[in-house]
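# Structural overview
Each chain is listed here by its residues.
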Amino acid sequence: MQNQLHFPTPYYRGRFSVAPMLDWTTRHCRYFHRQFTKQALLYTEMVTAQAIIHAKYDHLAFDLAENPVALQLGGSDPEQLTQCAILAEQRGYQEINLNVGCPSDRVQNGMFGACLMAKADLVADCVQAMQSAVQIPVTVKTRIGIDELDSYDFLCDFVQKVQAVGCQDFIVHARKAWLSGLSPKQNREIPPLDYERVYQLKRDFPHLWISINGGIKTIAEIQTHLQQVDGVMVGREAYQNPSLLGEIDRALFDPNAPIITAHQAVRNMFPYIESQLSQGVYLNHIVRHMLGAFQNCKGARQWRRHLSENACKPNAGVDVVETALGFVEAD
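How each quantity is defined
Residues numbered from 1 in each chain as written. Predicted model: local features only at pLDDT ≥ 70, side-chain atom pairs only at ≥ 80, totals over all residues. Heavy atoms only, no water. Helix = DSSP H or I, 4+ residues; strand = E, 2+ residues; numbered from the N terminus. Rg over C-alpha atoms; globule rule 2.2 N^0.38 Å. Contact = heavy atoms within 4.5 Å. Salt bridge = Lys/Arg side-chain N within 4 Å of Asp/Glu carboxyl O. Buried < 20%, exposed > 50% of the residue type's maximum accessible area, 1.4 Å probe, protein only. Core = buried A, V, L, I, M, F, W, Y, C linked by side-chain atoms within 4.5 Å. Pairing = 2+ DSSP bridges. Axes fitted to C-alpha atoms, helices over the stretch in contact; angles between N-to-C directions. Polar contact = N/O pair within 3.5 Å; in protein donor to acceptor, adjacent residues only side chain to side chain. Phe/Tyr/Trp six-rings, centres within 6.5 Å; stacked < 30°, edge-to-face > 60°.

Moving on, we come to the overall build of the chain. A count of helices and strands for the chain gives 16 helices and 8 strands. Here the C-alpha atoms of the chain give a radius of gyration of 20 Å, agreeing with the 20 Å that 2.2 N^0.38 yields for 331 residues. Overall, the chain is about 55 × 45 × 45 Å in size when its C-alpha atoms are taken along their principal axes. Across the chain, every contact between residues at least 6 apart in sequence was considered, and the portion connecting residues at least 24 apart equals 73%.

Turning our attention to the pattern of salt bridges. Inspection of the entire model under this criterion finds 8 salt bridges. Put simply, Lys176 and Asp150 hold a salt bridge, and the shortest N to O gap is 3.1 Å. Linking Lys176 in the loop between β6 (169-173) and α7 (184-187) with Asp150 in the loop between β5 (138-143) and α6 (152-163), this pair joins segments that are 26 residues apart in sequence. Exposure remark for Lys176: the relative accessible area of 13% places this residue in the buried category. For Asp150, a relative accessible area of 26% gives the class partly exposed. Glu196 is paired through a salt bridge with Arg203; the nearest N and O atoms lie 2.3 Å apart. A relative accessible area of 42% places Glu196 in the partly exposed class.

Comment: phi is negative for the bulk of residues other than glycine, and the bulk of peptide bonds are trans. The omega angle of the peptide bond from Asn67 to Pro68 is 5 degrees, so this bond is cis rather than trans. Secondary-structure assignment places Pro68 in the loop between α2 (49-54) and β3 (69-74). The phi angle at Asp147 is positive, at roughly 45 degrees, despite the residue not being glycine. You can see Asp147 is positioned in the loop between β5 and α6. The exposure class assigned to Asp147 is partly exposed, which follows from its relative accessible area of 22%.

This part takes up the nonpolar core. In a soluble, globular protein the nonpolar side chains are often hidden away together inside. If you look at the biggest cluster of nonpolar residues, it comprises 102 residues, and the most contacted ones within it are Phe16, Phe158, Phe170, Ile222, Val266 and Trp303. Considering each element in turn, this core owes the most residues, 6 residues, to α6. Setting aside chain neighbours within four positions, we find Phe16 in contact with Ala40, Leu41, Ile222, Val232, Val234, Leu245, Ile248, Leu252 and Phe253.

Here the focus is the sheet that holds strand β7 (residues 209-213). Read around the barrel, 8 strands follow the order β1-β2-β3-β4-β5-β6-β7-β8 and close on themselves; strand pairing throughout is parallel. Across this sheet, the average inter-strand angle for adjacent strands is 25 degrees, counted without regard to direction. Summarising the sheet, strand β1 (residues 16-18) and strand β2 (residues 41-48) pair through 2 bridges and their orientation is parallel. Bridge pairing in β2 links Ser17 to Leu41. Relative to β3, helix α3 (residues 78-91) is tilted by about 165 degrees, and along the sheet it contacts β3 and β4 (95-100). Helix α8 (residues 195-204) rests against β6 and β7 of the sheet, and its axis sits at about 175 degrees to β7.

It is worth spelling out the side chain of His289 at this point. Along the chain, His289 falls in the loop between α14 (283-287) and α15 (300-310). Within polar-contact distance, the side chain of His289 engages the side chain of Tyr239 at 2.8 Å. In contact with His289, not counting residues within four places along its chain, are Asp23, Trp24, Thr26, His28, Cys29, Phe32 and Tyr239.

Among the 10 residues that make up helix α1 (residues 27-36), 9 are buried, leaving the element largely enclosed by the rest of the structure. All of the buried residues in α1 are His28, Cys29, Arg30, Tyr31, Phe32, His33, Arg34, Gln35 and Phe36.

Applying the stated criterion across every chain, the model contains 5 aromatic pairs. Centroid distance Trp24 to Tyr239: 4.3 Å. Interplanar angle 15 degrees. Geometry classified as stacked. Of this pair, Trp24 sits in the loop between β1 and α1 while Tyr239 sits in helix α10 (residues 236-240); the two residues are 215 residues apart in sequence, bridging distant segments of the chain. Overall, the relative accessible area of 26% leaves Trp24 in the partly exposed class. On the basis of an interplanar angle of 25 degrees and a centroid distance of 4.1 Å, the ring pair of Phe62 and Tyr93 is categorised as stacked. Separated by 31 residues along the polypeptide, Phe62 in the loop between α2 and β3 and Tyr93 in the loop between α3 and β4 bring together distant segments of the chain. Here the two residues Phe62 and Tyr93 agree in accessibility, since each one is buried.

Nothing here speaks to function; it is geometry throughout.
In structure tokens, the structure reads:
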């Protein structure tokens, strides 16, 4: 299979991955994160099937150096999703992930995201259609429940129906989603985490690859979860403190892998930044994803301030980043 030709086996199974985050996990963000870790599976922002099919903007554009990358799709039309999955495989993505977890009103109105948990048969149809058309894995990211449908039996019924058509990989955000009354941000914070429910899901479906997501911040926490489930997905912490990613390869994949520092990762970005600037990309579109690189380090505030104040100026170049780097204590 294509996804096994170029990358180590563990990657696509999602032993460790960085969550899809709207407006955050852009191609520039992913390129930066890839400087820290060669093994982590990275995800795109959620892209709707209709946007890919109808928009003039190329929503599938990415640099193959970002791989392994999974495309997260939003939608509920099996035919549209299949069309997008085929395009994504042709472009070099290594996994297709169906969003069954986003709780926003806009997503619900489009009949995708977390509201699909109540339509397991439709999700199964979508997954089956995509799987029949591509060789790369088709996975599902879901919640543990929605609104009043939050019993463990409900979660098991959903997983049972979707795995019956051949889906082997589920990423489970260990919070339920409220489809009304809470904003997407509140839905990431207010419903209580229930890691044990995800652990139980793995025990009851041992043949499936179950990854856990939600509120995970440290290497120690990741390693603890991996004693119970197959994979861990980290979202906000990976974005706001990307230095965490520099430890992942050694901690989870290869004890001889180097630990990549923020200084190294930033300097490794210089050729990419210069290439993107030559193509008309604005500096701030790239470096806004790098602001958290030195969290808790001496000089981090000056780093952030210099980039924030200068990267948006006309003709801002890589020298802005180099100057900002000078404010941060060397490794």
